[in-house]
Number of protein chains: 2
Amino acid sequence: MGGDNAPESVLHGAATALIRHPGLTFLLVGHEGRLKPILNGLPALSGSARIVHTESVVAMEEKPSVALRQGKQSSMRLAIDEVKEGRAFGVVSAGNTGALMAMSKIVLRMLPGISRPAIVSTFPTLKGDCVMLDLGANVESDARDLFHFAIMGDAYARAVLGLSRPKIGILNIGSEEQKGHEELQQAAQLLRASGVDLDFRGFIEGNHIPEGEVDVVVTDGFTGNVALKMAEGMGRLGRFYMREAFMSGLFSRIGSLMAKPALKAVSEQLDGRRRNGAMFVGLNGIAVKSHGRADAYAFSNAISAAVELAAHNINDKIIREIGRYTGAPVIASAHAEAPIAMPEELAGKALH
Amino acid sequence: MGGDNAPESVLHGAATALIRHPGLTFLLVGHEGRLKPILNGLPALSGSARIVHTESVVAMEEKPSVALRQGKQSSMRLAIDEVKEGRAFGVVSAGNTGALMAMSKIVLRMLPGISRPAIVSTFPTLKGDCVMLDLGANVESDARDLFHFAIMGDAYARAVLGLSRPKIGILNIGSEEQKGHEELQQAAQLLRASGVDLDFRGFIEGNHIPEGEVDVVVTDGFTGNVALKMAEGMGRLGRFYMREAFMSGLFSRIGSLMAKPALKAVSEQLDGRRRNGAMFVGLNGIAVKSHGRADAYAFSNAISAAVELAAHNINDKIIREIGRYTGAPVIASAHAEAPIAMPEELAGKALH
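Reading guide: rules and limits
- Residues numbered from 1 in each chain as written.
- Chains lettered and ligands numbered in written order.
- Predicted model: local features only at pLDDT ≥ 70, side-chain atom pairs only at ≥ 80, totals over all residues.
- Heavy atoms only, no water.
- Helix = DSSP H or I, 4+ residues; strand = E, 2+ residues; numbered from the N terminus.
- Buried < 20%, exposed > 50% of the residue type's maximum accessible area, 1.4 Å probe, protein only.
- Contact = heavy atoms within 4.5 Å.
- Least-squares fit on C-alpha atoms with pLDDT ≥ 70 in both.
- Salt bridge = Lys/Arg side-chain N within 4 Å of Asp/Glu carboxyl O.
- Expected span 1.5 Å × (residues − 1).
- Pairing = 2+ DSSP bridges.
- Axes fitted to C-alpha atoms, helices over the stretch in contact; angles between N-to-C directions.

K.L.:
What exactly am I supposed to notice about the environment of Pro117(A) here?
P.N.:
Residue and element names in this part refer to chain A. With respect to the secondary-structure elements, Pro117 resides in the loop between helix H6 (97-108) and strand E4 (118-125). Of the residues examined, Pro117 reaches a relative accessible area of 2% and is grouped as buried. For the pair Pro117 and Met279, spaced 162 residues apart in the sequence, the C-alpha separation amounts to 9.8 Å. Beyond its immediate chain neighbours, meaning those up to four positions away, Pro117 contacts Met101, Lys105, Met110, Ala137, Asn138, Phe149, Val281 and Leu283.

K.L.:
Would you mind showing me how to read the relation of the copies chain A and chain B here?
P.N.:
Between the two copies of the chain lies a relationship made up of a rotation around an axis and a movement along it. Rotating chain A by 180° and moving it 0.0 Å along the rotation axis overlays it on chain B with an RMSD of 0.0 Å. Accordingly, the operation relating the two chain copies is best matched by a two-fold axis. Minimal C-alpha distance to the rotation axis in chain A is attained by Gly255(A), lying at 1.9 Å. Here 100% of the interface residues in chain A have copies in chain B that are interface residues too; the copies meet face to matching face.

K.L.:
Where do I start with the pattern of salt bridges in this structure?
P.N.:
Once their charged atoms are close, side chains differing in charge can pair, the charge on each being opposite to the other. According to the stated counting rule, one finds 21 salt bridges over all chains in the structure shown. Among the ionic pairs, Arg201(A) bridges to Asp199(A), the shortest N-O distance being 3.0 Å. Look at Asp199(A) and you get buried, because its relative accessible area is 16%. Each of Glu211(A), Glu232(B), Arg236(B) and Arg293(B) takes part in salt bridges that share partners, so that together they form one network.

K.L.:
What's the story with helix H1 (residues 8-20) of chain A in this structure? I'm lost.
P.N.:
Here H1(A) spans 19 Å end to end across 13 residues, near enough to the 18 Å set by a 1.5 Å rise per residue. For H1(A), the elements touching its buried residues are strand E1 (26-30), helix H2 (32-40), helix H3 (43-46) and helix H13 (296-311) of chain A.

K.L.:
How should I be thinking about the sheet that holds strand E9 (residues 278-281) of chain A in this particular structure?
P.N.:
Sheet strands pair via backbone hydrogen bonds, and the direction of the pair is either parallel or antiparallel. All names here are of chain A. An order of E3-E10-E9-E4-E5-E8-E6-E7 is seen for the 8 strands of this open sheet, with the pairing classed as mixed. The sheet is open, and its two borders are formed by strand E3 (90-93) and strand E7 (199-204), each paired with just one other strand. Across this sheet, the average inter-strand angle for adjacent strands is 30°, counted without regard to direction. Here E4 runs beside strand E5 (residues 128-133); their pairing, made up of 6 bridges, is antiparallel. Each bridged residue has a counterpart across the sheet, and for Ser121 the counterpart in E5 is Met132. Lying on the sheet, H13 is in contact with E3, E9 and strand E10 (286-289); it crosses E10 at an angle near 155°.

Just distances and angles here, no functional claims.
Structural data, given as structure tokens:
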């Protein structure tokens with residue numbers, strides 16, 4: 001029920017994801033009276049989905065603390081509960097980010113050794129994809145949080161990008177050692193002094209992200225969120241420039257017709273919808289946040305992200321890495337074998 | 001003498017700027033033995049420039065505090081002194097940003113009523129240019145600083161973009177009132193409660209910058225610096241995608257030849273060199289920082305930025321606005337009638 005285009009975009013997104021991942025099943029948590037008519041128009045999805053009815057919804061502008069107290073029967077909360085109970089692999093939502101984070105943290109709890117969750121996603125660069133975190137789970141992060149983000153980002157990059165030794169950088173406003181916030185200096189010292197087996201490359205600057213200088217960009221949630229959304233807006237600006245330029249003269253128009261597939265490829269690469277879906281890492285379960293503005297195509301990509309993370313057992317990888325660096329015992333996450341699930345929305349009971 | 005390509009790029013940049021602004025004259029502050037041979041190859045510039053010799057240079061990685069103490073004879077310091085003494089309109093440098101800021105602050109001093117300087121520049125959007133500050137003069141900014149940035153950004157947008165009533169937004173990670181750092185909330189309250197005559201539109205998010213939601217983006221120097229450099233890197237990524245796509249097949253290649261002017265236009269719009277040059281606002285004199293990586297073309301644009309700011313009497317406008325909001329007496333800036341000057345580098349003794 002969350003996001004600007006729900007529940008239509010969510011159900012159509014689920015139908016699209018089902019074509020991509022034929023074995024997937026969904027728990028659609030939300031108002032049956034609104035979901036049923038849409039579902040009836042999607043016969044393939046109907047056969048792979050079950051509606052979990054609730055009338056309560058977390059509003060987009062609701063304070064997370066209020067949602068936590070008053071939203072116990074909300075579609076968002078019930079969907080997270082499905083993951084907690086092991087009836088779903090993961091939860092996907094386009095709803096209120098703060099509420100989804102707060103509820104997921106309370107219900108699913110943190111992975112052992114991690115103090116704060118982070119929002120992580122992949123990002124395009126000149127040299128392939130990189131991973132960036134935190135993208136907005138926290139407004140402030142201390143050195144210890146940033147240190148954990150580095151470890152979780154490393155695990156995420158290994159799992160999702162398939163890298164054997166990801167290069168890690170801390171986002172700063174200069175590569176010199178004396179620059180930036182105190183906590184960034186301390187985090188860099190922690191990474192160097194703790195003897196962790198990470199390929200830590202020191203500080204990077206904003207331009208180094210799209211330039212592909214590192215595979216994992218570590219930052220506080222405020223800066224990461226601004227950088228991510230800035231890039232999203234820049235993608236839109238680039239596409240606008242292209243449209244303008246190719247409509248500007250006869251030769252350009254003819255040229256643009258001939259080069260249509262190329263133009264389309266560039267446009268798609270600049271299209272934020274293609275990589276919709278950010279994971280909350282550090283939690284004992286898979287929770288993926290879709291962009292609130294997501295249409296069906298974008299939402300289907302958020303579902304694919306959840307499927308990929310479940311298939312890669314991302315949390316087991318993080319637990320193993322954290323255990324290696326902190327000396328904590330290596331235990332499996334509670335839901336390593338549980339199915340993917342999604343709120344308001346979608347929940348696949350099985351992956352294949 | 002500052003920047004990756006100095007002094008060649010600086011002198012060639014000055015020669016290019018001279019074609020654009022024929023009346024301009026320069027003080028080239030730096031090592032005569034290195035500047036003279038380059039200048040000899042640029043006869044037009046030779047006639048409009050005078051070398052101010054010094055052997056001392058501020059290194060790119062020097063701490064600002066060290067540069068302040070030990071760099072009194074450096075090209076950077078002597079160039080700023082030229083502005084202070086009224087022999088130059090402004091100073092342009094591609095050197096050490098922190099040192100340039102610290103020296104400019106000590107030598108030129110702050111405008112009355114302003115506690116901290118900010119780095120400001122224009123930025124492309126879907127709806128024309130906007131102004132963003134601070135881009136890295138400060139690592140942290142309190143509510144009062146952000147309030148001043150809003151007033152200075154408003155004056156800058158009026159002067160440089162010619163807007164009669166610029167829309168102002170504070171960069172945050174959500175448009176909701178409860179989000180973001182405490183100082184952002186306080187700054188928003190200050191702007192609303194102080195009765196200043198600004199068109200304050202509340203909080204904006206990263207994507208709203210290139211989308212042109214506001215004309216003036218107010219942010220702390222850390223976030224602003226990351227956002228600016230992220231956009232710079234995204235521009236490079238967009239140009240890379242275009243090159244890749246148009247080389248991908250015969251039709252695309254032919255199409256790209258036909259649409260070459262359009263492609264070039266897009267490429268130029270995504271080219272960070274086009275809008276090189278950020279001003280230090282809040283100081284009693286014009287100081288423009290060029291990107292350290294600037295080539296001659298980029299450096300010439302930093303010079304043009306300085307010329308434009310001098311021509312618009314930007315500081316007088318800021319003093320008037322600040323005076324209006326704080327009740328401070330309206331006095332003219334010391335160097336309103338002084339010529340433009342540049343360190344290591346270039347200094348035009350007259351604008352026309």
